[in-house]
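Residue-level structure breakdown
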Amino acid sequence: MLIPWMKLVYVGGTTFMLPAAAAIGAWLVVSRGWRVAWWWSLLFLSGLGLIIASKMAFMGWGVGVPSIEFKAMSGHAYLTTSVAPTGMYLLLQGHSAKARAMGVLFGFVFSLAMGACLAFYDFHSIPEIIGGTLIGGAVSLGFIRKSARLPTVPVNPALLASSALVFLVVWQLKPGSLERWMVSAALHLSGSERPYISHDINRDSRC
C-alpha cells in the first residue's frame, strides 16, 4: 500500500499543486476578470510566502519548537488545502449551492487524507501539518467567501483549455525545484555552510 500513498504525496507537492494554482488563476481571468484573479493570487502567494519563510527559517537558522517537534509548516498540507477546495468550487460553477458545498468538502477531505499520509509516514509532525492546513484553509475559504457574491460562469471549453495550457506551461518550468531554491536562499541569507535538517531540531548541529 506504500506506492498508492506515495502517489498521493506526489500530487500534493509543488510539482503538481503550483501548476494547479496557476491554472486556477487562468480560469479566473478567462471567466471572471482580473479582480477575482488578483484576490486569488494575493491570498495564495501570501500563504505560500508564510510557508516558505517558515521552511527557510529552519533550514538557515534552525528556528523551530523542539518540545512539539515543529520545524516548519507543511507545504504539502498548505498546497492541498488551499488548491483542492478552491478547484472543486470553481469546477462546480453552474451547479447548486449544495453541490458546490459538497465539492468544497471533498477538497478538504482530500487535504485531510494528505495530512494523515504525511503523519503516518513521518514526513511531518502533527503540529507542522496543522499549521500548513490552517493557512491553506484560510486561503481557500477566504477566496470562496470573497468570490461567492460574483456571477458564476458554467464550465466551458475555453475555461478548460486555458487552464490546461497554463498548467502544462508551469509544469514544464519544474516547480518541484522550489525546495532547492529555498535551501540555497536560506544558506545565503544565514551565512551557513549546510542546512539544518530534521534531527537537528533538538540540538545545534548540521547535516
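Above this text you will find the structure in question.
Attention in this report is confined to the structure presented alongside it.

Parameters at a glance
- Residues numbered from 1 in each chain as written.
- Predicted model: local features only at pLDDT ≥ 70, side-chain atom pairs only at ≥ 80, totals over all residues.
- Heavy atoms only, no water.
- Helix = DSSP H or I, 4+ residues; strand = E, 2+ residues; numbered from the N terminus.
- Buried < 20%, exposed > 50% of the residue type's maximum accessible area, 1.4 Å probe, protein only.
- Contact = heavy atoms within 4.5 Å.
- Areas by Shrake-Rupley, 256 points an atom, 1.4 Å probe, with all protein chains shown as cover.
- 1 Å grid on protein atoms, 1.4 Å probe; cavity = no way out; pocket = protein on both sides within 12 Å on 5 of 7 lines; lining within 4 Å.
- Points joined across faces, edges and corners; volume = space filled by probe spheres on them.
- Nonpolar A, V, L, I, M, F, W, Y, C, P; charged D, E, K, R; others polar.

Section: the overall build of the protein chain
Regarding its fold elements, the protein chain presents eight helices and zero strands. By residue count, 44% of the 207 residues in the protein chain fall in the buried class. Within the protein chain, residue pairs in contact and separated by at least 24 positions form 77% of the contacts whose partners lie at least 6 positions apart. Within the structure as shown, the protein chain displays about 11,100 Å² of accessible surface, and the carbon and sulfur contribution to it stands at 71%.

Looking at the layout of surface pockets
Of the voids in this model, the largest pocket is the one considered here, and its volume is about 480 Å³. Mapped by element, the contributors of at least two residues to the lining of the largest pocket are helix 3 (34–61), helix 4 (75–91) and helix 8 (178–190). Here the lining of the largest pocket takes six residues from helix 3, the largest share from any one element. Each residue belonging to the lining of the largest pocket can be placed in one class, and the counts come to 14 nonpolar, seven polar and five charged. For the second largest pocket, the calculated volume is near 410 Å³. As for the second largest pocket, its lining consists of 18 residues, and the residues nearest its centre are A20, I24, V83, G87 and L91. For the lining of the second largest pocket, the class distribution of residues is 16 nonpolar, two polar and no charged.

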